[in-house]
There are 4 protein chains.
Amino acid sequence: MQTITTDLVKQTIIKRPADSYKGTYGRIMLIGGNQNFGGAIIMAATAATYSGAGLVTVATDPSNFTSLHAQLPEAMVMDYQNTPQLLALLKGMDVIVIGPGLGTEPGAETVLTTVLTHVTVQQRLVLDGSALTLLAANPQPLPASPIVVTPHQMEWQRLSGLKIADQTPAANQVAAQRLHVTAVVKAHRTTIYAGTQAWRNPGGSPAMATGGMGDTLAGMVGGFLAQFADFNHAILSAVYLHSAIADDLAQTRYVVLPHQISAEIPKYMHHYSQL
Amino acid sequence: MQTITTDLVKQTIIKRPADSYKGTYGRIMLIGGNQNFGGAIIMAATAATYSGAGLVTVATDPSNFTSLHAQLPEAMVMDYQNTPQLLALLKGMDVIVIGPGLGTEPGAETVLTTVLTHVTVQQRLVLDGSALTLLAANPQPLPASPIVVTPHQMEWQRLSGLKIADQTPAANQVAAQRLHVTAVVKAHRTTIYAGTQAWRNPGGSPAMATGGMGDTLAGMVGGFLAQFADFNHAILSAVYLHSAIADDLAQTRYVVLPHQISAEIPKYMHHYSQL
Amino acid sequence: MQTITTDLVKQTIIKRPADSYKGTYGRIMLIGGNQNFGGAIIMAATAATYSGAGLVTVATDPSNFTSLHAQLPEAMVMDYQNTPQLLALLKGMDVIVIGPGLGTEPGAETVLTTVLTHVTVQQRLVLDGSALTLLAANPQPLPASPIVVTPHQMEWQRLSGLKIADQTPAANQVAAQRLHVTAVVKAHRTTIYAGTQAWRNPGGSPAMATGGMGDTLAGMVGGFLAQFADFNHAILSAVYLHSAIADDLAQTRYVVLPHQISAEIPKYMHHYSQL
Amino acid sequence: MQTITTDLVKQTIIKRPADSYKGTYGRIMLIGGNQNFGGAIIMAATAATYSGAGLVTVATDPSNFTSLHAQLPEAMVMDYQNTPQLLALLKGMDVIVIGPGLGTEPGAETVLTTVLTHVTVQQRLVLDGSALTLLAANPQPLPASPIVVTPHQMEWQRLSGLKIADQTPAANQVAAQRLHVTAVVKAHRTTIYAGTQAWRNPGGSPAMATGGMGDTLAGMVGGFLAQFADFNHAILSAVYLHSAIADDLAQTRYVVLPHQISAEIPKYMHHYSQL
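The rules we used
- Residues numbered from 1 in each chain as written.
- Chains lettered and ligands numbered in written order.
- Predicted model: local features only at pLDDT ≥ 70, side-chain atom pairs only at ≥ 80, totals over all residues.
- Heavy atoms only, no water.
- 1 Å grid on protein atoms, 1.4 Å probe; cavity = no way out; pocket = protein on both sides within 12 Å on 5 of 7 lines; lining within 4 Å.
- Points joined across faces, edges and corners; volume = space filled by probe spheres on them.
- Nonpolar A, V, L, I, M, F, W, Y, C, P; charged D, E, K, R; others polar.
- Helix = DSSP H or I, 4+ residues; strand = E, 2+ residues; numbered from the N terminus.
- UniProt positions renumbered as here; feature names shortened; annotations may be inferred.
- Salt bridge = Lys/Arg side-chain N within 4 Å of Asp/Glu carboxyl O.
- Buried < 20%, exposed > 50% of the residue type's maximum accessible area, 1.4 Å probe, protein only.
- Least-squares fit on C-alpha atoms with pLDDT ≥ 70 in both.
- Contact = heavy atoms within 4.5 Å.
- Expected span 1.5 Å × (residues − 1).
- Polar contact = N/O pair within 3.5 Å; in protein donor to acceptor, adjacent residues only side chain to side chain.
- Pairing = 2+ DSSP bridges.
- Axes fitted to C-alpha atoms, helices over the stretch in contact; angles between N-to-C directions.

Q: Which residues make up empty space enclosed by the protein, and what values go with them?
A: Counting across every chain of the model gives four cavities of 30 Å³ or more. Looking at the largest cavity, its volume works out to about 40 Å³. Around the largest cavity, the lining residues are Gln35(B), Ser63(B), Asn64(B), Ser67(B), Phe65(C), Thr66(C), His69(C) and Val77(C). Each residue belonging to the lining of the largest cavity can be placed in one class, and the counts come to two nonpolar, six polar and no charged.

Below, the structure written as structure tokens:
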């Protein structure tokens, strides 16, 4: 198992070409946020936007439109239960993040199934939070798209069938291969499995142990996938930077709040792009 | 009567263990905020979140969901009148704070009774604001859980039956013992009573004399109770830090607003954890 | 005509007594904000809160509750068309500010009449914006309470009958006496008339020429009246500080936005309280 | 083709006269923001307000009122589908910006037609985003007012009939003349065409390649047109400053978010007004 290096991150976060426009940096849709967990999709969308995704659309419960726009006017919104509109917009997306605050009600499952059956192999897919819970409870075929899952250890248990005590690197590797996904298994030291490769994230702090941290990571992963060509390197760089920012903030804070990480992303990405 | 010392605070706010996750820092539900006093529960939940509680759920009037999420996406929301959902979620909580902006309408009383009759001895309970008014007007048995009440002097009069002029330390001590609660009696110099012990808070400033300051304290007390094992030391540390932050801010401000205190909590907790 | 002096301001903004509580600093209700002009009452309430008023209640159209609470959880809210609740809460107020964004629809006039006919001589009244337009269009008797009006020159023309060209200090003085109010006539150099006295504000900058500046002043005047005993000195100090803050901000800004002034009020009040 | 110079900008952004009031700096209405794209009109209105327009009104879908007021209480709001109110308020405007987030539904076209048929030659008109798409799909006569269009290259293709590859300065010049508009053609190096003159903007950075950047520019253009007499110089100064601010922010940021630019406008305008 390799440790993610600053070299990998700085090679991923390249200087932007002068002659580029917002389409160059990807169209991303984030799907989630029911009437109880709207904050999760707000945090994910904030992270994606501050990561530099070109165009961000949020498909969520309409009750979340106002609170999202009150802090993130940069995102567009749509009702995730409006299937015709969802299908129409999905087609144009480069990256789809589904799960943060999605919930596990029947309507949520319908949305997930709609996405899984319509996403194409050209589109990148991030499955997080409730999407993983739904998939574990009621397995359905995953599309042939490049897929990354971002479970914490209990979600990984449900999805992979591996009890937390049995989540050894070797077992995780096999499970990720079997599922045909890149798996980001979140823990004190997060590990990432893709094909025959595995990485360990060197950072992370207990100051990150607060609600919404995972939603923020999912949004960052999506934002990086919208911009950077190498699928796994984009994911690894997002994981690395997420905890690197948190570790720096934790030098002076007992707890680091998710939105504080997002606010720092542009400065950290600039720093790595200049190395 | 002892004065709360920095020693007590620094022994309470321990360094977080490296291998921990959000569940380690507690699940807290804050219940309050009717259609007129929604700001109170927003301020309490903000304080709990910035205090480092692992997972924060707010049970409130649905008219407050959007304003809460617009500034605190880290919290989950639910309708406090939805009794089945309230009961389902209550079970998983480590700490319950009830009262900020709850109001005294019949519906509020129903919510309070639901909580008082279902909370278990494993759960910690913070009773504040309207919850104390309701209890004073219409006494009902308190559960055997560890309970802290956070009245100002007039609320303490209603609850304890002691007129403000009669609220001597000795009388307050007896009343707290009779009620089987830890009592935080808020005043220019706040005093705290638990069993045979009593403490005086050394800080506090007239710059704190503004609406919402008590809601913020209730949220901090809840946040600390979610993380720190010793019940009374957690409460005392929250009381101490709340006024210590305000006193520092008041060095340059005529009035200190509640949200300004919450924004500082992570830095102050970090400082004390390092002493 | 005297110029308002820093001496007057520093003698007004006294150090707060150590043993005080939020009731010491007054209960204020701000009434205004229809479905189109909700921002006005938000700005006024923000100014009142940051000025240190003890307890702030906003009576407004319910469509403004969420946007208000999203930025000012410290305030309580109520529907200004709910006359029974308005009457019940009005009784407990020390200061009432009516007008910012109130509009001139028939419902607005009803609210104004309700206030004018129920306010008592113990309560201080600030009439601003739409309240002045309504009064000019449809005169009704003013209560015997201490009243301050805060018109700009065109509103003063409507209210006093004096055309802008005729608004000489002497004529303004007579008009204010006839109306039995303290009149703050806003202009490049704002002048204030009370009985036989008149003052000129030394500050003010064209960077203040933007929407909402008057709403902010009305809120500051209300906030100061809630705390400081001398009626006219409280008003003069608010007028002075409002422009003093703006002038300082304008050292580096082409335009100063109202909320930027409110954010600075606590620091400036602290400064003057220490002189 | 000339390059926009700092000389032109500093001659445009003059010191404000001492004796001025908000009416001096113009009344501007921004029209846009449907139920999906509300953030666009929020960003445009924020830019107009921070640019120093005297009075800002936003005509938008009512679902956007709260999110707008939560961050920009300085603006007034109205329902853009309320045609009588729209017509009544339009009359008093100095500048009308239409298009950001307007969408292309039939209702949006109705609003656009209402504006185009009622705007007078004394009023300045900014056509952006969806307004350009609607016009290209369904051409209708433009009023004789001074008009500026702010298309990106694809919108300019639709509007002018020139394919992106054919958008040479000479062809753009002819098309702008034919349309009787000043055309701001947004690209890596934005160019501006008015009559026989053409300018190139020297600034711009790939950190600006993110959603909402164009809405912010449209709002700035509107805000500058509300204050500065020379039509084209106002537009050129807004274009210049928009990218100058972004370029400075991009010194430390990988991506610059639109609201970060707006927050800096007052300081940059002050700087240029002092040169």
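Q: Outline unusual backbone geometry, listing residues and values.
A: Most peptide bonds take the trans form, and the phi angle of most residues other than glycine is negative. Even without being glycine, His180(B) reaches a positive phi, approximately 60 degrees. Looking at the secondary structure, you find His180(B) in the loop between helix 8 (169-179) and strand 8 (182-185).

Q: Could you give an account of the UniProt feature "domain: YjeF C-terminal" (unreviewed entry) in chain A, naming the residues involved and the relevant values?
A: Under the UniProt annotation, "domain: YjeF C-terminal" (unreviewed entry) lies at residues 5-272 of chain A. In this annotation, residues 5-272 of chain A is assigned 46% helix and 14% strand; the end-to-end C-alpha distance for the span is 12 Å.

Q: Help me get a handle on the pattern of salt bridges, residues and values and all.
A: Opposite charge on two side chains allows them to pair when their charged atoms are near. Residue and element names in this part refer to chain C. Scanning all chains against the criterion turns up eight salt bridges over all chains. Between Asp7 and Lys10 there is a salt bridge, with its nearest N and O atoms 3.2 Å apart. Taken together, the residues Asp7 and Lys10, both in helix 1 (residues 6-12) and three residues apart, mark about one turn of the helix. A relative accessible area of 36% places Asp7 in the partly exposed class.

Q: An account of the relation of the copies chain D and chain C is requested, with residue identities and associated values reported.
A: Superposition record for chain D on chain C: RMSD 0.0 Å, screw rotation 90 degrees, translation along axis 0.0 Å. The transformation relating the two chain copies, once decomposed into turn and shift, fits a four-fold axis. Measuring from the rotation axis to each C-alpha of chain D, the shortest distance belongs to Ala70(D), at 4.2 Å. With a heterologous cut-off of 20% or less, the 9% of interface residues of chain D that recur at the interface of chain C puts this contact in the heterologous class.

Q: Give me the relation of the copies chain A and chain D: which residues, what numbers.
A: Overlaying chain A on chain D yields an RMSD of 0.0 Å, the required transformation being a rotation through 90 degrees with an accompanying axial translation of 0.0 Å. Each copy contacts the other with its own distinct surface, as only 9% of the interface residues of chain A are interface residues in chain D too.

Q: So, the side chain of Thr216(A): which residues are in play, and what are the values?
A: By secondary structure assignment, the location of Thr216(A) is in helix 9 (residues 213-225). Contact partners of Thr216(A), with chain neighbours within four places excluded, come to Met43(A), Ala47(A), His242(A), Pro258(A), Ile261(A) and Ser262(A).

Q: Requested: an account of helix 10 (residues 231-249) of chain B, with residues and values cited.
A: Residues and elements named next belong to chain B. Spanning 19 residues, helix 10 covers 28 Å between terminal C-alpha atoms, matching the ideal 27 Å at 1.5 Å per step. Counting buried residues in helix 10 gives 17 out of 19 residues, a clear majority hidden from the surface. At the N-terminal boundary of helix 10, the capping side chain belongs to Asp230, with an oxygen 3.2 Å from the backbone nitrogen of Asn232.

Q: So what's going on with the sheet that holds strand 8 (residues 182-185) of chain D? Which residues, and what values?
A: Whether parallel or antiparallel, the strands of a sheet pair through hydrogen bonds between backbone atoms. All names here are of chain D. The strand order 1-10-9-8-7-6-5-2-3-4 describes an open sheet built from ten strands, whose pairing is mixed. With one partner strand each, in any of the chains shown, strand 1 (2-3) and strand 4 (76-79) form the two edges of the open sheet. Relative to strand 7 (residues 147-149), strand 6 (residues 124-127) is paired through three bridges, and the arrangement is parallel. Pairing of Leu127 across the sheet is with Val149, part of strand 7. Sheet strands touched by helix 2 (residues 38-50): strand 2 (27-31) and strand 3 (55-60). Its angle to strand 2, the strand with the most contacts, is close to 165 degrees.

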